[in-house]
Amino acid sequence: MSNEIVLKGMGTSAGTAEGAVCVINSRADFNKFKEGNVLVTKITDPTMVMIMNEASAIVCDIGGITSHPSIISRELGIPCVVNTKEATSKLQDGQKIIVNGTTGEIFVA
Amino acid sequence: MEQQEKFLWLDEYLDALQESIGFMDLSTLQPTSWRHFQPLIAKEWLDWLWNIIGEAERQKVSYTELAKCFEPDLCREHLLFVTEDLKTAKWPIEKRLKVADFFYQLLKAQMPQGDLFGLNGSTKRHSSLAIKQIINEGEFNKGTPEIAREFGKLYNSAYNLGAALYLDFYMGKAVENWGPYDLGNGKILVIKEMRHLKPTEIWPNVNSKCEKIDLLVIYEGVKFRTDLIACHTQYEGDVISGLKEWKIIIDGKSVTDMSIIKNLTQNLGEEGSRQWIYLTELPEEQLLEKAVWIRCFCFDKVCDLLSLDWRPTQKLLAAVKGKTLDEGWRTWKQFTNKDEYNDYWRKIWDPREEFYP
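Residues numbered from 1 in each chain as written. Chains lettered and ligands numbered in written order. Predicted model: local features only at pLDDT ≥ 70, side-chain atom pairs only at ≥ 80, totals over all residues.

S.K.: How would you sum up the overall build of chain B? Please name residues and give values.
M.R.: Within chain B one finds 15 helices and eight strands. Compactness check: chain B gives a C-alpha radius of gyration of 20 Å against a globular reference of 21 Å for 357 residues, within 12% of the reference. Along the first, second and third principal axes, the C-alpha set of chain B runs to 55 × 50 × 45 Å. By the burial criterion, 44% of the 357 residues in chain B qualify as buried. By sequence separation, contacts in chain B at least 24 residues apart represent 75% of the contacts at least 6 residues apart. (Helix = DSSP H or I, 4+ residues; strand = E, 2+ residues; numbered from the N terminus. Rg over C-alpha atoms; globule rule 2.2 N^0.38 Å. Buried ≥ 20, exposed ≤ 12 C-beta atoms within 10 Å, placed from the backbone. Contact = placed C-beta atoms within 7 Å.)

If you want it as structure tokens, here you go:
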């Protein structure tokens, strides 16, 4: 893959997916989420169930192999990268990215 | 010497625990972790549990009968929790070993295929014969990627409702994955059970549309493993294209209509979200009380079997009064070095060791 790497974290659910970033900082942000977006947040929680179900991939600032976003992504069969430390500050709404849940790399699409 | 040999299983248990939760970042557990909560009630909890163990002995109830009152994951998790409590409360070694052995005996009765602590990546409640019967009963449906995605969403909704009902750490009450059961020809069976989804005993206002879901999935070209915590599922291979056959039973009824499944996903997801908001907005004192209720509820069936009241005693509830989660957390030493961390926790978890927080 020759695209520019924008972030690297821990890949915890394998596969790659491309989509537009949607940064979720609070529940007030939920209504801007569209099906196929990449869910970018500090860490997921059960209020995000419905948007997780519509996400093409999940990227989090913190977390590990057995954290909430990792477990759920593996069941949903979508890529997940956690422990990026700065995804919510570095990625912008609408930015097109490619998430590689195997290597933990996130590229500009 | 005989005593030492009797507890050799603890070595495997420690290895399994280290693999499962070693160096886990507990800050991702929300709204709190068991290491914040449980030290606050360790002494009172052990007294409560000791009464159950003693009553089972007095009534001469076999481990086989007792084991039916728990799911394996619940046993594994409560063994972990209690081995930490035993050190917090500084119980003497004889009692520590007896409490640990109680859960070990239950696990032995529950898991005929071994790997009691998931060290080898499995959680197998069913014997080989039971699996043959399940497969021979038939009525499996053909899998497609679309259906696999819907099941992922259903699991997600039920899982999150479970976390909202039982906190992140007593999830064993709600969700468990069994397998992998090797079917030959590159196929495995995994059984996902989502249960106790409408516990009005602890949450009177919960409005889930079902109590229990059994999802049986046959994958091809997919490897599956869990660890000591059976909702810590991991896969190698594509779970979407790898789903070959499936069967789902909702509250005892076999369901094939995907619209029913989609509606249930919606209901459980919304209920989980609502419940989570309610849970996380509870004042700390109420959250602590609720955590006591939830922990006791994990033992409801065994209490019923022994004609005991599973509901928390006044002594248990009083134990959290005026305390804070931060107080509980300060029980433990904190580490940035992984080896030091693992050394510390292995000594805490090992009831044979005279090592205390």
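Here the narrative resumes.
S.K.: Quick one: what's the story with the overall build of chain A, residue by residue and with numbers?
M.R.: Helix and strand content of chain A: three helices and eight strands. Each helix and strand of chain A, placed in order from N terminus to C terminus, yields the pattern β-β-β-β-α-β-α-β-α-β-β. Overall, the C-alpha framework of chain A stretches about 35 × 30 × 20 Å when taken along its three principal axes. Counting over 109 residues, chain A shows a buried share of 52%. Long-range pairs, those at least 24 residues apart, make up 55% of the contacts in chain A with a sequence separation of at least 6.

S.K.: So what's going on with the pairing of strand E8 (residues 105-108) of chain A? Residues and values would help.
M.R.: The side chains of a regular strand alternate between both faces of the sheet. All names here are of chain A. Bridge analysis of strand E1 (residues 5-8) against E8 gives three bridges, and the strand direction is antiparallel. Counted as the bridge partner of Ile5 is Phe107 from E8. Sheet topology places strand E7 (residues 96-100) next to E8; four bridges connect them, and they run antiparallel. Looking at E8, one finds that Asn100 is bridged to Glu105. Counted along the chain from E7 to the antiparallel partner E8, the turn is four residues long, and its residue Gly104 has a positive phi close to 85°. (Pairing = 2+ DSSP bridges.)

S.K.: Explain the confidence of the model for chain B to me, and be specific about the residues and the numbers.
M.R.: Residues at a pLDDT of 70 or more form 99% of chain B, whose mean pLDDT is 95. Of the two predicted TM-score estimates for the complex, the pTM is 0.96 and the ipTM is 0.96. (pLDDT = per-residue confidence, 0-100.)

S.K.: Which residues make up unusual backbone geometry, and what are the values?
M.R.: What is expected of a backbone is that most residues other than glycine have negative phi and most peptide bonds are trans. All names here are of chain B. The omega torsion across Gly179 and Pro180 is -5°, close enough to zero to call that bond cis. Its identity is not glycine, yet Asp115 carries a phi of approximately 50°, on the positive side. Among the structural elements, Asp115 can be located in the loop between helix H7 (93-110) and helix H8 (128-136). For Asp115, a count of 15 C-beta atoms within 10 Å puts it in the partly exposed group. With a phi close to 50°, His196 is a non-glycine residue in the positive phi region. Tracing the backbone shows His196 in the loop between strand E3 (187-194) and strand E4 (213-220).

S.K.: Can you tell me about the interface of chain A and chain B, naming the residues and giving the values?
M.R.: Listed by partner, the interface residues are 20 residues for chain A and 28 residues for chain B. When residues of the side of chain A that touches chain B are traced back to their parent elements, those giving at least two are helix H1 (49-52) and helix H2 (68-76) of chain A. Here the side of chain A that touches chain B gets six residues from one element, more than from any other, and that element is H2 of chain A. A class-by-class count of the residues in the side of chain A that touches chain B yields nine nonpolar, eight polar and three charged. (Nonpolar A, V, L, I, M, F, W, Y, C, P; charged D, E, K, R; others polar.)

S.K.: Before we move on, could you go through the nonpolar core and cite the residues and values that matter?
M.R.: Val38, Val40 and Val59 of chain A together with Ala158 of chain B are the most contacted members of the largest nonpolar core, which has 125 residues in total. Among the elements that make up this core, the one with the highest residue count is helix H9 (residues 145-166) of chain B (11 residues). The two domains that each donate at least three residues to this core are domain 1 (2-110 + 283-349) and domain 2 (128-280) of chain B. Residues contacting Val40 of chain A, with those up to four places away along its chain left out, are Val21, Cys22, Val23, Ile24, Val59, Ala87, Thr88 and Leu91 of chain A. (Core = buried A, V, L, I, M, F, W, Y, C linked by C-beta atoms within 7 Å. Domains from an automatic or database assignment.)

S.K.: Go over the packing of helix H6 (residues 72-88) of chain B against H7 of chain B, please, and point to the residues and values.
M.R.: All names here are of chain B. Where H6 meets H7, the closest approach of the two axes is 10 Å, and the angle between their N-to-C directions is 170°. Relative to H7, H6 is oriented roughly antiparallel. Along the contact surface, H6 presents Pro72, Cys75, Arg76, His78, Leu79, Val82, Thr83 and Leu86, while H7 presents Arg96, Val99, Ala100, Phe103, Leu106, Leu107 and Gln110. (Axes fitted to C-alpha atoms, helices over the stretch in contact; angles between N-to-C directions. Parallel < 35°, antiparallel > 145°, perpendicular 65-115°, else oblique.)

S.K.: I'd like a description of the packing of H2 of chain A against H9 of chain B, backed by residues and values.
M.R.: At a closest axis distance of 8 Å, the pairing of H2 of chain A and H9 of chain B adopts a crossing angle of 150°. Considered as vectors, H2 of chain A and H9 of chain B are oriented roughly antiparallel to each other. Once H2 of chain A is placed against H9 of chain B, the crossing between them reads as right-handed. Residues Ile72, Glu75 and Leu76 of chain A of H2 of chain A form the contact with H9 of chain B, whose own contacting residues are Gly152, Lys153, Tyr155, Asn156 and Tyr159 of chain B. (Left-handed = near helix turned anticlockwise from the far one by under 90°.)

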